[in-house]
Amino acid sequence: MEFLAAGAGELPKRLPFNLNCVKRLRLANIYLGGSDVVSCALCLIRSFPYLQYLEIEVGDEDAGIPALEYLEVEAFSDMTFNHLREVKLIYTIGSEPEMQLIKLLLAKSPILVKMLIEPCLEVNDDAYKTVSISRKLNSFRRASPEVEIDYNCYYD
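Read on for an overview of the structure. Per chain, the residues get numbers from 1 upward, laid out in the order the sequence is written. pLDDT decides what is reported in this predicted model: residues at 70 or higher carry local features, side-chain atom pairs at 80 or more are listed and counted, and totals for whole chains, interfaces and linings draw on all residues regardless. Values shown for side chains rest on all heavy atoms present in the structure; no hydrogens or waters enter the calculation.

**Observations regarding the pattern of salt bridges**
Moving on, step 1. When a carboxyl oxygen of Asp or Glu lies within 4 Å of a side-chain nitrogen of Lys or Arg, that pair is called a salt bridge. For the coordinates displayed, the defined rule picks out three salt bridges.
Moving on, step 2. One salt bridge connects Arg26 with Glu57, and the closest N-O pair in it is separated by 2.7 Å. Of this pair, Arg26 sits in strand β1 (residues 24–30) while Glu57 sits in strand β2 (residues 53–58), placing them 31 residues apart in sequence.
Moving on, step 3. For Glu96, the salt bridge goes to Lys136, with nearest N and O atoms at 3.2 Å. Taken together, the positions of Glu96 in helix α3 (residues 96–107) and Lys136 in helix α5 (residues 127–139) put the pair 40 residues apart, joining distant regions of the chain.
Moving on, step 4. One network of salt bridges, with partners in common, ties together Arg26, Glu55 and Glu57. Numbering goes from the N terminus for both helices and strands, where a helix is a DSSP run of H or I of at least four residues and a strand is a run of E of at least two.

Here it is as structure tokens:
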């Protein structure tokens with residue numbers, strides 16, 4: 001994603017062309033607290049209109065990161081992820097940007113079937129935090145009535 005951030009000025013919302021053939025996307029070590037990184041990731045996701053499977057491995061981040069305005073659902077009023085069926089988020093800690101991303105994907109994916117969330121080990125060791133995150137996830141509006149959220153606290 002460095003190629004998108006290399007130029008001066010504001011990052012584009014999408015590539016100048018759509019990549020209709022891309023159905024699977026895996027983003028590794030994404031730091032959701034970095035506005036340029038998140039903007040690049042969102043640019044890619046928006047540019048793949050037939051994306052069906054999205055996997056995001058969250059990189060190191062601080063739980064105290066504030067909410068990011070460009071991850072708000074309202075900022076995506078002009079688009080939906082019409083083909084997205086499965087999302088996997090790995091090494092989450094329940095930070096505000098992560099929760100915003102989850103909320104956005106749930107609200108804008110009308111045929112989403114499954115969202116698998118695998119928290120990092122420090123969250124697994126904190127029962128209170130696990131319950132708190134689970135409650136928050138259950139409160140999010142979903143565009144797909146069929147979506148199953150699997151908050152997998154006990155993976156190997």
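Structure's up, so let's keep going.
**Side note on the environment of Thr80**
Moving on, step 1. Position of Thr80 relative to the elements: it lies in the loop between β2 and β3 (86–92).
Moving on, step 2. Type-normalised accessible area, obtained with a 1.4 Å probe on protein chains alone, sets the label of each residue: buried when under 20%, exposed when over 50%, and partly exposed for intermediate values. Residue Thr80 is classed as partly exposed on the basis of its relative accessible area, which comes to 37%.
Moving on, step 3. Sequence-distant contacts of Thr80, defined by excluding residues within four places in its chain, comprise Lys108 and Pro110. The contact definition used throughout considers only heavy atoms, calling two residues in contact when any of these lie within 4.5 Å.

**Here's the deal with the sheet that holds β1**
Moving on, step 1. One open sheet holds the five strands; their spatial order is β1-β2-β3-β4-β5, and the pairing between them is parallel. Single-partner strands in this sheet number two, and they are β1 and β5 (148–151). Strand after strand, the sheet turns through a mean of 10 degrees between neighbouring axes, direction not considered.
Moving on, step 2. Judged from the six bridges that link them, β3 and strand β4 (residues 114–119) form a sheet pairing that is parallel. Across the sheet, Glu86 pairs through a bridge with Lys114, a residue of β4. The criterion for strand pairing is that DSSP finds at least two bridges linking the strands in question. Throughout, an axis means a line fitted to C-alpha atoms (over the contacting stretch in the case of helices), and angles, computed between N-to-C directions, take values from 0 to 180 degrees.

**Structural notes on α3**
Since the α-helix turns once every 3.6 residues, residues separated by three or four places project in the same direction.
Moving on, step 1. Expected span, for any helix, means 1.5 Å times one less than how many residues it has. Here α3 spans 16 Å end to end across twelve residues, near enough to the 16 Å set by a 1.5 Å rise per residue.
Moving on, step 2. Taken together, the buried positions of α3 are Pro97, Glu98, Met99, Gln100, Leu101, Ile102, Leu104, Leu105, Leu106 and Ala107.
Moving on, step 3. For α3, the elements touching its buried residues are α2 (35–46), β2, β3, β4, α5 and β5.

**Some thoughts on the packing of aromatic side chains**
Moving on, step 1. Centre distance within 6.5 Å is the pairing criterion for rings of Phe, Tyr and Trp, where only the six-membered ring of Trp is used; planes under 30 degrees apart are then read as stacked, over 60 as edge-to-face, and the remainder as tilted. Scanning the entire structure with this criterion turns up zero aromatic pairs.
Moving on, step 2. Positioned above the aromatic ring of Tyr53 is the side chain of Arg24, whose terminal nitrogen or guanidinium carbon lies 4.1 Å from the ring centre. When the NZ atom of lysine or the CZ atom of arginine is within 6 Å of a ring's centre and also within 35 degrees of its normal, the charge is said to sit over that ring.

**A word on the environment of Pro145**
Moving on, step 1. Looking at where Pro145 falls in the secondary structure, it is placed in the loop between α5 and β5.
Moving on, step 2. Along the chain, Pro145 and Leu112 lie 33 residues apart, while their C-alpha atoms are 8.6 Å from each other.

**Re the state of the cysteines**
Moving on, step 1. The disulfide criterion used throughout: a pair of cysteine sulfur atoms within 2.5 Å. Summed over all chains, the structure comprises zero disulfides.
Moving on, step 2. Looking at Cys40, it has no disulfide partner, and the nearest cysteine sulfur is the one in Cys43, 6.9 Å off.
Moving on, step 3. Overall, Cys40 belongs to the buried group, its relative accessible area being 3%.
Moving on, step 4. Taking the relative accessible area as the measure of exposure, Cys43 reaches 1% and is therefore buried.

Such coordinate-based values are descriptive only and should not be taken to indicate function.
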